[in-house]
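Topology and contacts: notes
What follows is each chain in one-letter form.
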Amino acid sequence: MGKIKTLVVHHTATPTSWTVAKIRQLHLDQGWKDVGYHYLIRLDEDQEARIYMGRPQDGDNYLSSLEWGAHVYGHNATSLGISTVGNWSGKAMNPAIERVLIQHLVKLCFKMELTPKDIKGHREMKGASTECPGLLVDMDRLRGLVDEQYKAVKRLLGRKKKCQKSKKPTGS
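**Some details on unusual backbone geometry**
C132 connects to P133 through a cis peptide bond whose omega is 15°. Here P133 shows up in the loop between β7 (119-121) and α3 (139-166). Backbone geometry at A13 places phi at a positive 55°, although glycine is not the residue there. By the element assignment, A13 lies in the loop between β2 (6-11) and α1 (20-29).

**Here we look at the nonpolar core**
Membership of the largest hydrophobic core comes to 28 residues, with the highest contact counts inside it found for L7, L80, I82, L101, L105 and I119. Mapped onto this core, the elements with two or more residues apiece are β2, β3 (39-43), β6 (79-84), α2 (95-111) and α3. Considering each element in turn, this core owes the most residues, 9 residues, to α2. Sequence-distant contacts of L105, defined by excluding residues within four places in its chain, comprise L7, V9, I82, I119, L142 and V146.

**Considerations on the pattern of salt bridges**
In this structure the tally under the stated criterion is 8 salt bridges. Across the salt bridge formed by R24 and D34, the nearest N and O atoms sit 2.6 Å from each other. Of this pair, R24 sits in helix α1 while D34 sits in the loop between α1 and β3, and the two are 10 residues apart along the sequence. Across the pair D44 and R42 runs a salt bridge whose closest N-O atoms are separated by 2.8 Å. On the accessibility criterion, D44 (13% relative accessible area) is buried. One connected set of salt bridges, linked through shared partners, spans R42, D44, D46 and R50.

**What about α2?**
With 17 residues, α2 should reach 24 Å at 1.5 Å per residue; the first-to-last C-alpha distance of 24 Å fits that figure. Of the positions making up α2, those classed as buried are A96, I97, E98, V100, L101, I102, H104, L105, V106, L108 and C109. For α2, the N-terminal capping position is held by N94, with its side-chain oxygen 2.7 Å away from the main-chain nitrogen of A96. One or two positions beyond α2, positive phi appears at E113, with a value near 60°.

**Some thoughts on the environment of D34**
D34 sits in the buried class, given a relative accessible area of 15%. Spatially, the C-alpha atom of D34 lies 9.7 Å from that of I23, the residues being 11 residues apart in sequence. In this structure D34 touches R24, H27, L28, G54, R55 and P56, once residues within four positions along its chain are discounted. At 2.6 Å, the side chain of D34 and the side chain of R24 are in polar contact.

**Observations concerning the pairing of β6**
Among the 6 residues in β6, 6 count as buried, and that is most of the element. Alternating residues of β6 divide into S79, G81 and S83 and L80, I82 and T84, and every residue in both groups is buried. Alignment of β2 against β6, held across 6 bridges, turns out to be parallel. Following the sheet pairing, T6 is matched in β6 by S79. Bridging between β3 and β6 involves 3 bridges; their strand directions are parallel. Paired with L40 across the two strands is S83, which belongs to β6.

Criteria and thresholds
- Residues numbered from 1 in each chain as written.
- Predicted model: local features only at pLDDT ≥ 70, side-chain atom pairs only at ≥ 80, totals over all residues.
- Heavy atoms only, no water.
- Helix = DSSP H or I, 4+ residues; strand = E, 2+ residues; numbered from the N terminus.
- Core = buried A, V, L, I, M, F, W, Y, C linked by side-chain atoms within 4.5 Å.
- Buried < 20%, exposed > 50% of the residue type's maximum accessible area, 1.4 Å probe, protein only.
- Contact = heavy atoms within 4.5 Å.
- Salt bridge = Lys/Arg side-chain N within 4 Å of Asp/Glu carboxyl O.
- Expected span 1.5 Å × (residues − 1).
- Polar contact = N/O pair within 3.5 Å; in protein donor to acceptor, adjacent residues only side chain to side chain.
- Pairing = 2+ DSSP bridges.

Structure below.
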């Protein structure tokens, strides 16, 4: 098992209309055992962005060899792949997709005991030679937006703990 050290952001480099099933089939046709990503975020027909489960993952911060993704050569044992459906090299990421991506990255940081510094674009990974997650995706900006929400949640969680400690038991 490998401890998750990195959350890797991708784009599928496909039209935004592609379904998760179509992307999964593309990966299966390439000889992979499943879709390469752990999560996919796509814009549905109602123009709402939704998160879809890709490759199964236990939910803890370790990956068994059965859960390894196929999204960054040499890093699959210690990273989760989060892909947006679309191609962000020719146009900017859809705001609804970006909003859900940021929220999901914040959630995953807490769940996997990581920080926004542990988020990388595919092109930032050692050995990668790609535009992914798209030339128009500014990873420093994205990490900054995730960091703002991450810190806000941490502050709220800290206040909640303080409130719980300061409550005095009531009773007879």
